[in-house]
Amino acid sequence: MSSTVNINRLATGVPGLDEILGGGLPEFSFNLIAGPPGCGKTTLAHQMMFALATPARPALYLTVLGEPPLKMLRYQQQFGFFDNEAINHSIHFVNLTDEMLTGDLDQALRRIVAEVEKHNPSFVFVDSFRSVVLASRAEGNPQQNLQVFVQQLGTLMTSWQATTFLIGEYFNETDANPVFTVADGLIWLRQSVQRNSMVRKIEIMKMRGQATLPGLHTFRIGSAGINVFAPAGTAVAKRSETDAVPSQTRVQMGVSRLDEMLGGGLPRGYSLLVAGPSGSGKSILAAAFLAEGARAGENGVIASFEQDPHRSRNRIVADLIKNGRVGLVDSRAPDLSIDEIVLLLLSEIRRLKATRVVIDSLSGFELALAPTFRDDFRESLSRLVSALAGAGVTVLMTSELEDRYIDLRFSPYGAAFMTDAIIVQRYIEVDSRLLRVMAVVKVRASAHSNELREFSIDEHGIHIGCPLPDQEGLLGGRPTRKHLADLPPAIADDADSIRPSLPP
Amino acid sequence: MENEKNSPLVATLAQRVGNDADSAQIADAIVSTWREIEIALTPIIGQRGIATLYKRTLYLTGATYVWLVGIHEGLHGGMDLAPLRAAFARQNKAAATAGASALLHNFHELLASLVGPSLTERLLRSVWANSLSGPPAQDNSP
């Protein structure tokens, strides 16, 4: 028989927070919510309080010198979680200003004890704790007074079986602050400002008794309250174990001849990178991929960062979106993070039971991200690809490729190694015309064509033609006819200058 | 602005004083209503918070009822309602009734402008609940 205590984990009611806490908030824990002014501490506290409190398990919100309570109520009621009926019923606000103004922490503690005994709360919030710290300075040995106060408060709350939150600001994390020692949980909120974008981040620096997800996680404050974007990997990790065996089936691309080039279509669940210069037809290929899915009864999701979504970018995609066969993820928030995009994508995938996903394009995606995330773009992209793979969908990503004919590159992000398959598109100059060629560079664990094929685009989409066996040096952009290339170098150089006038 | 007569605090006061009250009874009723407001709000916004709202209400109402001006000067700490009672008792019945209605109405509007009508109703519910559960209004029918 196990005699160890079983710690209940409470659902905080804040989307994503339970995941990064490692399964919820431990019952009877003594927590500190810290961060600079305006980072969302009070909102986080209120959102948890309204979710946790019930008439049988009420909450006590002690307001200390910080924000005037009328102001707090005025602003907090703008959030969807705020419920007027809960006040004086399952939630009790208590103002400690009068006690705190005396600077006597004992008196404040006595009042807290009295209120706790009166309301028998299961949850206690002290907002803000900074004022307690400042008030304690009024007396002889502030640090020691504060330590005693925190110690007594912690003991009181734990024996009273109350889960407690101290809300404080300006804490320096390197300080040997007595609160840090006593606290079971440290929830740190931050704001990262870079250029014109501000990104909110949350970190669980400590949570006794459970494994939290380390690091900074982004969150957003909207009209419904706080939404934490837990890392994409956590939600799908379990799934990928069950779906570990790669699928043998293939999905059709919607472009005739391309499927044969891929060795019979793209293996289901693969991620495909389509790289090419501007205007080479990447988005058209992506649209064909989604349309082919719709024809086969598969729904899709497109994350579009390219053009104005209100301009009809591509009639096929616009129609698919309109008919509900394709979901659109189109976030233009200035504080956009990859984790948020992954959550948006996964929720659209679930909603539509989608099996095909298009990200058009990675270049636009990078630009759409808040500057603070751009440094980690590759790492985040890798998380995104694995999250989507975990969801079992087939992914097509487009990537802008600068037309450079001195080297052969498939992606500016080194995204090539993350994807299972790569198609590259190039412009070539033949007979004073810009022609397009396409090749399948890689299909993991599958045979595929190695031909460079010319293709054209008209109102019906992409048409893949034949290889250009009489030309070579196609990837250099200025192909030459083979018989010329076979000539000695000196003559070949001359041939270069006369090549445009040669017959095709 | 909401009609004074529809204001729930004014209705509460009317229920307490009935039709035959003299100005001294009106003065008692307004003081007891304020006491209940104080009891309802002090835990949430503190003594200083409620005293500041009280002072602002007197200022707003004093624009029309000048005899309310200056009865609450130099305010620190809690509220002393004795000057309020005295000021009302000095008026005739009509003036006291009108002043009391205006005072409570203005307070209600002030709080509603800060935290919204819905939360105001929730916070002050105990005030009108007390008045409804109190002794019934005088019934003169045989």
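Residues numbered from 1 in each chain as written. Chains lettered and ligands numbered in written order. Predicted model: local features only at pLDDT ≥ 70, side-chain atom pairs only at ≥ 80, totals over all residues. Heavy atoms only, no water.

J.: Can you lay out the overall build of chain B for me, pointing to particular residues and giving the numbers?
T.: In terms of helices and strands, chain B carries six helices and zero strands. Order of helices (α) and strands (β) in chain B, N terminus to C terminus: α-α-α-α-α-α. A separation of at least 24 residues holds for 69% of the contacts in chain B among residues at least 6 apart in sequence. Entry remark: accessible area of chain B is about 7,000 Å², with carbon and sulfur atoms responsible for 54%. (Helix = DSSP H or I, 4+ residues; strand = E, 2+ residues; numbered from the N terminus. Contact = heavy atoms within 4.5 Å. Areas by Shrake-Rupley, 256 points an atom, 1.4 Å probe, with all protein chains shown as cover.)

J.: Break down the interface of chain B and chain A for me, citing the residues and quoting the values.
T.: The interface is formed by 18 residues belonging to chain B together with 17 residues belonging to chain A. Between chain B and chain A, a total of about 1,600 Å² is buried, with carbon and sulfur atoms accounting for 53% of that surface. Area buried by chain B at its contact with chain A is led by Ile 44, Leu 119 and Arg 122 of chain B, which between them contribute 37% of it. For the pair chain B and chain A, the interface holds two salt bridges. Arg 125 of chain B is the partner of Glu 85 of chain A in a salt bridge, and the nearest nitrogen-oxygen pair spans 2.7 Å. If you look at where chain B meets chain A, you find ten residue pairs in polar contact (both at pLDDT 80 or more). (Buried area = accessible area lost by both parts, 1.4 Å probe. Salt bridge = Lys/Arg side-chain N within 4 Å of Asp/Glu carboxyl O. Polar contact = N/O pair within 3.5 Å; in protein donor to acceptor, adjacent residues only side chain to side chain.)

J.: Can you lay out the packing of aromatic side chains for me, pointing to particular residues and giving the numbers?
T.: Both the distance between ring centres and the angle between the ring planes are used here to describe each pair of aromatic rings. Residue and element names in this part refer to chain A. Taken as a whole, this structure holds twelve aromatic pairs over all chains when the rule is applied. Seen from their ring centres, Phe 50 and Phe 82 are 4.8 Å apart, and the 45° between their planes marks the pair as tilted. Taken as a pair, Phe 50 in helix H2 (residues 41-52) and Phe 82 in the loop between helix H3 (69-76) and strand E5 (91-95) lie far apart in primary sequence, 32 residues in all. By relative accessible area, Phe 82 is classed as buried at 10%. Seen in terms of ring centroids, Phe 365 and Phe 377 are 5.9 Å apart; in terms of plane orientation they differ by 80°. Their pairing is edge-to-face. On the criterion of sequence distance, the pair formed by Phe 365 in helix H14 (residues 362-368) and Phe 377 in helix H16 (residues 377-390) is long-range, its members being twelve residues apart. You can call Phe 365 buried: its relative accessible area is 0%. (Phe/Tyr/Trp six-rings, centres within 6.5 Å; stacked < 30°, edge-to-face > 60°. Buried < 20%, exposed > 50% of the residue type's maximum accessible area, 1.4 Å probe, protein only.)

J.: Let's hear about helix H3 (residues 82-90) of chain B: which residues, and what values?
T.: All names here are of chain B. Three or more residues of H3 are buried, namely Leu 84, Ala 87 and Phe 88. Angularly, the buried residues of H3 cover 95° about the axis, an arc narrow enough to put them on a single face. As for H3, its buried residues are in contact with helix H2 (23-62) and helix H4 (93-115). (Arc of directions from axis to C-beta.)

J.: Lay out the confidence of the model for chain B with the relevant residues and their values.
T.: All names here are of chain B. Considering every residue of chain B, the mean pLDDT works out to 83; 83% of them sit at 70 or more. Within chain B, no element has a lower average pLDDT than helix H6 (residues 125-133), which sits at 73, and none a higher one than H4, at 93. Every residue in residues 134-142 is under pLDDT 50, and counting partners more than four places away or in other chains gives three contacts. Here the predicted complex carries an ipTM of 0.78, next to a pTM of 0.75. (pLDDT = per-residue confidence, 0-100.)

J.: Explain H3 of chain A to me, using residue names and the numbers behind them.
T.: Within H3 of chain A, the full set of buried residues consists of Pro 69, Leu 70, Met 72, Leu 73 and Gln 76 of chain A. Taken end-on, H3 of chain A shows its buried residues confined to a sector of 160°, consistent with a single buried face.

J.: Which residues make up the pairing of strand E21 (residues 452-458) of chain A, and what are the values?
T.: Residues and elements named next belong to chain A. Bridging between strand E20 (residues 433-443) and E21 involves four bridges; their strand directions are antiparallel. Counterpart to Ala 439 in the pairing with E21 is Leu 452. Both E21 and strand E22 (residues 461-467) contribute to a ladder of five bridges, which runs antiparallel. Residue pairing in the sheet places Asp 458 in a bridge with Gly 461 of E22. Between E21 and E22, which pair antiparallel one after the other, the connecting turn spans two residues. (Pairing = 2+ DSSP bridges.)

J.: Could you give an account of the sheet that holds strand E6 (residues 123-127) of chain A, with specific residues and numbers?
T.: Residues and elements named next belong to chain A. An order of E5-E4-E6-E7-E3-E8-E9-E10-E11 is seen for the nine strands of this open sheet, with the pairing classed as mixed. The open sheet has two free edges, formed respectively by E5 and strand E11 (225-228), since each of these has just one partner strand. In this sheet, adjacent strand axes meet at a mean angle of 25° when their direction is disregarded. Bridge count between E6 and strand E7 (residues 163-168): five bridges; the pairing is parallel. Residue Phe 123 lies in a different strand from E7, and its bridge partner there is Thr 163. (Axes fitted to C-alpha atoms, helices over the stretch in contact; angles between N-to-C directions.)

J.: Lay out the nonpolar core with the relevant residues and their values.
T.: The biggest cluster of nonpolar side chains holds 83 residues, and the ones touching the most others in it are Leu 17 of chain A together with Ile 30, Trp 34, Ile 37, Leu 84 and Phe 88 of chain B. Core analysis: the next-biggest nonpolar cluster, separate from the first, contains 35 residues, Leu 346, Phe 365, Leu 388 and Val 395 of chain A among them. (Core = buried A, V, L, I, M, F, W, Y, C linked by side-chain atoms within 4.5 Å.)

J.: Tell me about the sheet that holds strand E15 (residues 300-304) of chain A, and name the residues and values.
T.: Residue and element names in this part refer to chain A. Spatially, nine strands are ordered E16-E15-E17-E18-E14-E19-E20-E21-E22 in an open sheet, and the strand pairing comes out mixed. The two strands at the open ends of the sheet, each matched to only one other strand, are strand E16 (326-329) and E22. Across the sheet, the axes of successive neighbouring strands diverge by a mean angle of 25°, strand direction being ignored. Here strand E19 (residues 421-430) pairs with E20 via ten bridges, running antiparallel. Within E20, the residue paired with Arg 426 across the bridge is Val 437. Sheet contacts for H16: strand E14 (271-276), strand E17 (356-360) and strand E18 (394-400); angle to E17, the most-contacted strand, approximately 165°.

J.: Would you mind going over the pairing of E6 of chain A in detail, with residue names and values included?
T.: Residue and element names in this part refer to chain A. Burial within E6 is extensive, with five of its five residues counted as buried. Burial along E6 is two-sided: Phe 123, Phe 125 and Asp 127 facing one way and Val 124 and Val 126 facing the other are all buried. Note that strand E4 (residues 59-63) and E6 share five bridges and pair parallel. The partner of Leu 62 across the bridge, within E6, is Val 126.

J.: Can you explain the packing of helix H1 (residues 8-17) of chain B against H4 of chain B? Please cite residues and give values.
T.: Residues and elements named next belong to chain B. In the contact formed by H1 and H4, the axes pass within 8 Å of each other and the chain directions differ by 145°. You can see that H1 and H4 cross each other, and the crossing is right-handed. Contact with H1, carried on its side by Pro 8, Leu 9, Val 10 and Leu 13, involves Ala 100, Ser 101, Leu 104, His 105, Phe 107 and His 108 of H4 and no other residues of that element. Within the contact of H1 with H4, the residues separate by chemical class into seven nonpolar, three polar and no charged. (Left-handed = near helix turned anticlockwise from the far one by under 90°. Nonpolar A, V, L, I, M, F, W, Y, C, P; charged D, E, K, R; others polar.)

J.: Can you break down the pattern of salt bridges residue by residue, with the values?
T.: Residue and element names in this part refer to chain A. Scanning the model with the defined rule gives 21 salt bridges over all chains in all. The partner of Glu 292 in a salt bridge is Arg 295, with the nearest N and O atoms 3.0 Å apart. Of this pair, Glu 292 and Arg 295 both sit in helix H11 (residues 282-295), three residues apart, roughly one helical turn. Classification of Glu 292 as buried rests on a relative accessible area of 18%. On the accessibility criterion, Arg 295 (61% relative accessible area) is exposed.

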